[in-house]
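Next come the chains, spelled out residue by residue.
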Amino acid sequence: MGDSAPRELLSLADDEGNSVTVNILGPSASWSAGLDAEIVVKTPFVAGRIDLALYVSKLESWANALDRLDAGEDVAWMEMSRGPSIFIQLTGERDCPEVVVEDESGSMVTVRVPLVPPDDWIADHRQRLQQVMDHWVPMLSG
């Protein structure tokens with residue numbers, strides 16, 4: 001990854017054009033202990049994005065979610081916080097993995113994206129998380 005700042009915390013996509021990503025945009029201008037981020041959903045049918053505030057405890061909860069996914073459990077990430085939530089169901093409604101992005105506190109929209117990630121996606125996302133933690137967290141205060 002070189003000297004560039006890691007931007008993609010989560011990136012799940014398939015060969016049918018379905019994807020869900022969480023991109024780090026940079027340190028928050030309004031909150032020194034947070035990062036500005038976005039969730040981006042793209043499918044052949046629907047596309048959208050929503051702002052997201054990330055902080056250390058949300059990144060740590062993503063690490064816990066990855067551990068549970070590795071153990072074969074479905075997860076809800078950021079479910080009890082303000083803003084959007086991400087649910088990853090290993091066997092969704094269409095008998096394949098699904099990522100569900102829900103914005104109940106804002107737009108009240110839910111998007112369900114079926115996709116089949118590559119076999120090594122959990123290890124890849126652990127590495128992405130570590131790179132984000134190593135690069136961005138030292139810049140945060142609080």
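The text that follows walks through the structure, step by step, so that each part is easy to find.

About the criteria used
- Residues numbered from 1 in each chain as written.
- Predicted model: local features only at pLDDT ≥ 70, side-chain atom pairs only at ≥ 80, totals over all residues.
- Heavy atoms only, no water.
- Helix = DSSP H or I, 4+ residues; strand = E, 2+ residues; numbered from the N terminus.
- Axes fitted to C-alpha atoms, helices over the stretch in contact; angles between N-to-C directions.
- Parallel < 35°, antiparallel > 145°, perpendicular 65-115°, else oblique.
- Left-handed = near helix turned anticlockwise from the far one by under 90°.
- Contact = heavy atoms within 4.5 Å.
- Nonpolar A, V, L, I, M, F, W, Y, C, P; charged D, E, K, R; others polar.
- Core = buried A, V, L, I, M, F, W, Y, C linked by side-chain atoms within 4.5 Å.
- Buried < 20%, exposed > 50% of the residue type's maximum accessible area, 1.4 Å probe, protein only.
- Pairing = 2+ DSSP bridges.
- Lys, Arg positive; Asp, Glu negative; His and termini not counted.
- Salt bridge = Lys/Arg side-chain N within 4 Å of Asp/Glu carboxyl O.

## Description of unusual backbone geometry
In step 1: Despite not being glycine, Asp95 has its phi angle at roughly 60°, a positive value.
In step 2: The phi dihedral of Met108 is positive, around 65°, even though this residue is not glycine.
In step 3: Structurally, the position occupied by Met108 is in the loop between strand 7 (98-103) and strand 8 (109-114).

## Some details on the packing of helix 1 (residues 56-70) against helix 2 (residues 121-136)
In step 1: Running from N to C, helix 1 and helix 2 cross one another at 165°; their axes reach a closest spacing of 10 Å. Classified by the angle their axes make, helix 1 and helix 2 are roughly antiparallel. The two elements helix 1 and helix 2 meet at a crossing, and its hand is left-handed. The residues of helix 2 that touch helix 1, namely those facing Leu59, Glu60, Trp62, Ala63, Leu66, Asp67, Leu69 and Asp70, are Trp121, Ile122, His125, Arg126, Leu129, Val132 and Met133.
In step 2: Of the residues belonging to the contact of helix 1 with helix 2, the class tally is 10 nonpolar, 1 polar and 4 charged.

## Comments concerning the nonpolar core
In step 1: Leu9, Val22, Leu54, Trp62, Ile86 and Ile88 are the most contacted members of the largest nonpolar core, which has 33 residues in total.
In step 2: Dropping the residues within four chain positions of it, Val22 is found in contact with Arg7, Glu8, Leu9, Leu10, Glu38, Ile39, Leu52, Leu54, Trp77 and Ile86.

## Some details on the pairing of strand 7
In step 1: Among the 6 residues of strand 7, 6 are classified as buried, and the element is accordingly described as predominantly covered.
In step 2: By the alternation rule, side chains of strand 7 split into Glu98, Val100 and Glu102 and Val99, Val101 and Asp103, which are all buried.
In step 3: Relative to strand 7, strand 6 (residues 85-89) runs antiparallel, the two sharing 5 bridges. By the bridge assignment, Phe87 is partnered in strand 7 with Val100.
In step 4: Note that strand 7 and strand 8 share 6 bridges and pair antiparallel. Within strand 8, the residue paired with Glu98 across the bridge is Pro114.
In step 5: Connecting strand 7 to the next strand, strand 8, in antiparallel fashion are 5 residues, including Met108 with a positive phi near 65°.

## Brief notes about the side chain of Lys58
In step 1: Here Lys58 is to be found in helix 1.
In step 2: Although Lys58 lies buried, it forms no salt bridge, and the closest oppositely charged side chain, Asp103, sits 10 Å away as judged by the N-O distance.
In step 3: Apart from the residues within four sequence positions on either side, Lys58 is in contact with Leu52, Ala53, Trp77, Met78, Ser81 and Arg82.

## A few points about the sheet that holds strand 3 (residues 35-42)
In step 1: Spatial ordering of the open sheet is given by 1-2-3-4, a layout of 4 strands whose pairing is antiparallel. Pairing within the sheet leaves two strands with one partner each, and these edge strands are strand 1 (8-13) and strand 4 (47-54). Pairwise comparison of adjacent strand axes, ignoring direction, gives a mean angle of 20° for this sheet.
In step 2: Helix-sheet contacts for helix 1 involve strand 1 and strand 4, and the interaxial angle to strand 4 is about 115°.
In step 3: Contacting strand 1, strand 2 (19-27) and strand 3, helix 2 runs over the sheet at an angle of about 160° to strand 1.

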